[in-house]
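For reference, the chains in residue letters:
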Amino acid sequence: MTTLLDKPAGTGRDERRSARSLADAVFRAREISIAGALALLVLGTWLANPRFLDDQGIKDLLLNASILVLLAVGQSVVVVTRNIDLSVGSVVGLSAFACGTFVAGTDHGVLTVMLLGTALGTGCGLVSGALVSFGRIPALVVTLGMLYIIQGLDYWWAQGEQISANDIPRPVLDLGSGSVLGVPYLPLISLALVAVTSYYLRAYRSGRELYAIGSSPEAARLAGVPIRRRILGAYAFSGAVAGFAGALWLARFGTVVADNAHGWELTVVSAVVVGGVAITGGTGTVWGAALGALLLTTIGSALVALKVDAFWQGAITGALLLTAIGADRVVSLRMTAALRKRSARHGNGA
């Protein structure tokens, strides 16, 4: 008589739990290492130039990072699905100029500016998302094309003109320069978006499905995940955040031109990857992306404080990007090996 030894019912659940705990530990390690590098950078710069951390210096650090943090959050949601959005910088420029044109010389309030920027960005994101998800056109091609289309539209609209801060309603400018208890509004807005997005990705099924798509699109499809709708939603969110960031750009600087945020696309992608969001999808957190954005902007500020040629900022960013990609590959291989060992151990133990 043949005896069949079934795997215990809880084994599969235990394996998924162990895989999740291992991944969470890796993410925490990446975030802690980024925070440590950021602390060392700030400390070293402060020792060389004590004015780097005076009241105004700290405010400048937070303000400089705010918009990039927002864009990194939106980009992270797209990247975890194994896609990319290279149009975010051009969307920021278009949104800032559109909002500035709409409110210049009027008494429109902050809410109008925020809604207009967000709606414009959402429309751009929906177009990109529809072409990627339903048209099945590679994301790199779609978003690069959108980048040039939006830039061309913005230049045609602006006709070389700029919008002056003197024409912008005072409540809008107060949003960019105001603070509560000494902390500027913009960093608080960015922090709130990071917290809400992180909670959504972890607590809601639709958020977890984005990671499933990035980990294995075929497996996600077989599991019944609505892949096209989720990818469309990710691009809509990224576009909405970029449009919102454009409105905040107007509030922050007041004066806007057609090429605002020109070239920010690669900076945003760099911040996301440096922050631990794998470019191949499926892993990473928005907290890590936010720390990556803060690290990159702090490097730029530190180089200015140390009177180092700005050329080195690009070189350092490139080196960090290559290091992060290499680290992601090493971590991925080690996680795979560790999970296989655990799976074999559970199988033998059964």
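Here the residue numbers are simple positions, counted from 1 along each chain's written sequence. At least 70 in pLDDT is required for a residue's local features to be given in this predicted model, at least 80 for side-chain atom pairs to be given and counted, and no such filter applies to totals for whole chains, interfaces and linings, which use all residues. For side-chain calculations, the full set of non-hydrogen atoms in the structure is used, while hydrogens and water are omitted.

Here we look at the overall build of the protein chain
Piece 1. Looking only at helices and strands, the protein chain features 13 helices and 2 strands.
Piece 2. Buried, partly exposed and exposed residues are distinguished by accessible area as a fraction of the type maximum, computed with a 1.4 Å probe on protein chains only: under 20%, between the cut-offs, and over 50%, respectively. Here the protein chain, with 350 residues, has 45% of them falling under the buried criterion.
Piece 3. Contact between two residues is taken to exist if any of their heavy atoms lie within 4.5 Å; hydrogens are not considered. In the protein chain, of all internal contacts separated by at least 6 residues, the share reaching a separation of at least 24 is 78%.
Piece 4. When the accessible surface of the protein chain is totalled, it reaches about 17,500 Å², and 64% of it is carbon and sulfur. By the criteria applied, helices consist of DSSP H or I runs no shorter than four residues and strands consist of E runs no shorter than two, each listed in order from the N terminus. Residue exposure ignores everything except the shown protein chains as possible cover, and the areas themselves are Shrake-Rupley values with a 1.4 Å probe.

Some thoughts on the side chain of Ser 128
Piece 1. Within the fold, Ser 128 resides in helix α4 (residues 110–133).
Piece 2. Setting aside anything within four residues of it in sequence, one finds Ser 128 in contact with Ser 87, Val 142, Met 146 and Tyr 235.

A word on the pattern of salt bridges
Piece 1. By definition, a salt bridge exists where a carboxyl oxygen of Asp or Glu is found within 4 Å of a side-chain nitrogen of Lys or Arg. The final tally for this structure, using the stated rule, is 4 salt bridges.
Piece 2. In this structure, Glu 209 and Arg 205 form a salt bridge, with 3.1 Å as the shortest nitrogen-oxygen distance. Taken together, the residues span about one helical turn, with Glu 209 and Arg 205 both in helix α8 (residues 205–215) at a distance of 4 residues.
Piece 3. A relative accessible area of 58% means that Arg 205 is categorised as exposed.
Piece 4. A salt bridge links Arg 230 to Glu 209; its shortest N-O distance comes to 2.7 Å. In this pair, Arg 230 sits in helix α10 (residues 227–253) while Glu 209 sits in helix α8, placing the two residues 21 residues apart along the sequence.
Piece 5. One continuous salt-bridge network, built from bridges that share partners, spans Arg 205, Glu 209 and Arg 230.

Focus on unusual backbone geometry
Piece 1. In this model, Leu 181 sits at a positive phi of 55 degrees, which is unusual for a non-glycine residue.
Piece 2. When you line up the elements, Leu 181 lands in the loop between β1 (179–180) and β2 (183–184).
Piece 3. Residue Leu 181 is classed as exposed on the basis of its relative accessible area of 85%.
Piece 4. A positive phi is found at Ala 261, a non-glycine position, where the angle reads about 60 degrees.

Some words on the packing of helix α3 (residues 88–103) against helix α11 (residues 264–274)
Piece 1. One can describe the packing of α3 onto α11 by two numbers: an axis separation of 7 Å at closest approach and a directional angle of 125 degrees. Classed by the angle they form, the pair α3 and α11 counts as oblique. Here Val 88, Gly 89 and Ser 90 of α3 lie close against α11, whose contacting residues are Trp 264, Glu 265 and Val 268.
Piece 2. Basically, the charged four are Asp, Glu, Lys and Arg, the nonpolar ten are Ala, Val, Leu, Ile, Met, Phe, Trp, Tyr, Cys and Pro, and anything else, Gly included, counts as polar. Looking at the contact of α3 with α11 residue by residue, the class counts come to 3 nonpolar, 2 polar and 1 charged. Fitting a line to C-alpha atoms yields each axis, with helices limited to the stretch in contact; the angle taken between N-to-C directions then spans 0 to 180 degrees. Any angle that is under 35 degrees is reported as roughly parallel, and any over 145 degrees as roughly antiparallel; angles of 65 to 115 degrees are reported as roughly perpendicular and all others as oblique.

Examining the environment of Val 113
Piece 1. Mapped onto the elements, Val 113 comes out in helix α4.
Piece 2. Taking the relative accessible area as the measure of exposure, Val 113 reaches 1% and is therefore buried.
Piece 3. Separated by 18 residues in the primary sequence, Val 113 and Ser 95 have C-alpha atoms spaced 9.5 Å apart.
Piece 4. In contact with Val 113, not counting residues within four places along its chain, are Cys 99, Val 103, Val 172, Ala 247 and Leu 250.

Some words on the nonpolar core
Piece 1. We call a set of buried Ala, Val, Leu, Ile, Met, Phe, Trp, Tyr and Cys residues a nonpolar core when their side-chain atoms join them within 4.5 Å. In this structure, Leu 71, Val 92, Val 113, Ile 168, Trp 249, Leu 250 and Val 256 are the most contacted members of the largest nonpolar core, which totals 81 residues.
Piece 2. Setting aside residues no more than four positions away along its own chain, Ile 168 makes contact with Gly 100, Val 103, Ile 163, Leu 173, Leu 250 and Gly 254.

Topic: the environment of Gly 129
Piece 1. Counting through the fold element by element, Gly 129 comes out in helix α4.
Piece 2. On the basis of relative accessibility, which here comes to 0%, the residue Gly 129 falls in the buried class.
Piece 3. Along the chain, Gly 129 and Val 142 lie 13 residues apart, while their C-alpha atoms are 8.8 Å from each other.

With respect to the packing of aromatic side chains
Piece 1. Only the six-membered ring of Trp is used, alongside the rings of Phe and Tyr, when aromatic pairs are assigned; centres must lie within 6.5 Å, and planes under 30 degrees apart are stacked while those over 60 apart are edge-to-face, with the rest tilted. Applying the stated rule across the entire model yields 5 aromatic pairs.
Piece 2. Centroid distance Phe 97 to Trp 157: 5.7 Å. Interplanar angle 80 degrees. Geometry classified as edge-to-face. Placement of Phe 97 in helix α3 and of Trp 157 in helix α5 (residues 139–158) is noted, with a sequence separation of 60 residues between them.
Piece 3. Phe 97 sits in the buried class, given a relative accessible area of 4%.
Piece 4. Here Trp 157 falls in the partly exposed class, since its relative accessible area comes to 37%.
Piece 5. Pairwise contacts between aromatic rings join Tyr 199, Tyr 200 and Tyr 204 into one cluster.

Some remarks on α10
Piece 1. Residue count minus one, scaled by 1.5 Å, sets the expected span of a helix. The terminal C-alpha atoms of α10, which comprises 27 residues, lie 39 Å apart, in line with the 39 Å expected from a rise of 1.5 Å per residue.
Piece 2. Gly 254, located one to two residues past α10, shows a positive phi value of around 75 degrees.

What to know about the packing of helix α7 (residues 185–203) against α10
Relative placement of two packed helices is described by the angle separating their axes and the distance separating the axes.
Piece 1. Running from amino to carboxyl end, α7 crosses α10 at an angle of 170 degrees, the nearest separation of the two axes being 12 Å. Here α7 lies roughly antiparallel to α10, going by the angle between them. For the pair formed by α7 and α10, the contact residues are Leu 186, Ile 189, Leu 193 and Thr 197 on the first element and Phe 237, Val 241, Phe 244, Leu 248 and Arg 252 on the second.
Piece 2. Taken together, the residues that form the contact of α7 with α10 break down as 7 nonpolar, 1 polar and 1 charged.

Some thoughts on a nonpolar patch on the surface
Piece 1. Together, Leu 43, Trp 46, Leu 47, Leu 53, Ile 58, Leu 62, Val 180, Leu 181, Val 183, Tyr 185 and Leu 188 make up an exposed nonpolar region whose accessible area comes to about 950 Å².
Piece 2. Put simply, the parts of the chain that give the nonpolar patch at least two residues each are α1 (11–48), α2 (55–79) and α7.
Piece 3. Broken down by element, the residue count for the nonpolar patch peaks at 3 residues, all from α1.
Piece 4. Here Val 180 shows up in strand β1. Like charges within 9 Å and nonpolar side chains (Val, Leu, Ile, Met, Phe, Trp, Tyr) within 5 Å are joined into patches, using only residues over 30% in relative accessible area that form no salt bridge.

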